[in-house]
Amino acid sequence: RYKEEDFLQENVPIADLIQSPDKFRSVTNMFLISGWKKSDLATNLQNQTSTVYSNLFNQVKRCINSLIKNQWHSHKNLKIELEHRGDHLTIHLNEPGSSTPPEFRSDGLKWFLTFLINFRAQSKDISNYILLIDEPGLYLHPRGQKDALDEIENLSQENQIVYTTHQTFLINKNIIITPKHFNNL
């Protein structure tokens with residue numbers, strides 16, 4: 001389970017993000033997915049014109065919004081909006097007809113968005129690991145659970161995944177491991 005500080009927040013102090021990028025892991029990982037390095041945060045997030053900020057954030061938004069559209073079928077119209085406002089980075093989640101601060105969204109949406117962003121950002125570094133996940137997608141709608149299962153299966157191509165669940169939509173009925181399989185592992 002993610003902690004509240006792992007979720008995206010509406011207002012992120014830019015100085016704090018530059019000083020402690022790991023404190024804002026999901027925000028930092030959005031930039032990393034888009035091709036930035038951690039060292040780019042200080043260069044790109046300070047002393048730029050509004051046009052430069054707009055262009056930089058458009059690149060990040062395109063990348064993250066494409067990831068959401070391709071991986072999250074139940075929220076394929078969800079779009080991340082990033083804006084530079086003085087000494088803060090402002091983040092909103094837009095769906096047709098509404099714009100909402102991330103912290104006002106459901107626990108399931110916040111969990112999946114955090115899971116997707118953080119694991120995708122680390123996907124090049126995560127290989128030949130055993131990943132243990134406790135109750136993934138616990139608060140997701142059944143369609144969202146299927147999307148979470150797809151993402152877990154993507155991770156399993158390079159890793160071994162062990163997860164616990166009570167959610168039937170997080171079980172791939174084509175891959176059932178019975179107790180006798182454990183004897184052969």
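Residues numbered from 1 in each chain as written. Predicted model: local features only at pLDDT ≥ 70, side-chain atom pairs only at ≥ 80, totals over all residues. Heavy atoms only, no water.

Within the largest apolar cluster, 45 residues are counted, with the highest numbers of intra-cluster contacts made by V27, M30, F31, I80, L89, I91 and F115. Every element with two or more residues in this core is listed here: helix 1 (14-19), helix 2 (25-33), helix 4 (50-71), strand 2 (79-85), strand 3 (88-95), helix 5 (107-122), strand 5 (130-134) and helix 6 (142-155). A total of eight residues in this core trace back to one element, the largest contributor, which is helix 5. (Core = buried A, V, L, I, M, F, W, Y, C linked by side-chain atoms within 4.5 Å. Buried < 20%, exposed > 50% of the residue type's maximum accessible area, 1.4 Å probe, protein only. Helix = DSSP H or I, 4+ residues; strand = E, 2+ residues; numbered from the N terminus.)

For the rest of this paragraph, the subject is the packing of helix 4 against helix 5. Packing of helix 4 against helix 5 leaves a shortest axis separation of 11 Å and a crossing angle of 115°. Judged by the angle between their axes, helix 4 and helix 5 are roughly perpendicular. Two packed elements cross with a definite hand, and for helix 4 against helix 5 that hand is right-handed. Contacts from L67, I68 and Q71 in helix 4 reach F112, L113, L116 and R120 in helix 5. Of the residues that constitute the contact of helix 4 with helix 5, the class distribution is five nonpolar, one polar and one charged. (Axes fitted to C-alpha atoms, helices over the stretch in contact; angles between N-to-C directions. Parallel < 35°, antiparallel > 145°, perpendicular 65-115°, else oblique. Left-handed = near helix turned anticlockwise from the far one by under 90°. Contact = heavy atoms within 4.5 Å. Nonpolar A, V, L, I, M, F, W, Y, C, P; charged D, E, K, R; others polar.)

In the contact formed by helix 2 and helix 5, the axes pass within 9 Å of each other and the chain directions differ by 50°. By the criterion of interaxial angle, the relationship of helix 2 to helix 5 is oblique. In this structure, helix 2 crosses over helix 5, and the sense of that crossing is left-handed. Note on element contacts: helix 5 touches helix 2 through T114, I117, N118, R120, A121 and Q122, opposite R25, S26, N29, M30 and I33.

On to the pattern of salt bridges, then. The tally for this structure, following the rule as stated, stands at eight salt bridges. In this structure, D22 and K38 form a salt bridge, with 2.6 Å as the shortest nitrogen-oxygen distance. Separated by 16 residues along the polypeptide, D22 in the loop between helix 1 and helix 2 and K38 in helix 3 (residues 38-44) bring together distant segments of the chain. Overall, K38 belongs to the partly exposed group, its relative accessible area being 41%. For E83, the salt bridge goes to R85, with nearest N and O atoms at 3.1 Å. For R85, a relative accessible area of 47% puts it in the partly exposed group. (Salt bridge = Lys/Arg side-chain N within 4 Å of Asp/Glu carboxyl O.)

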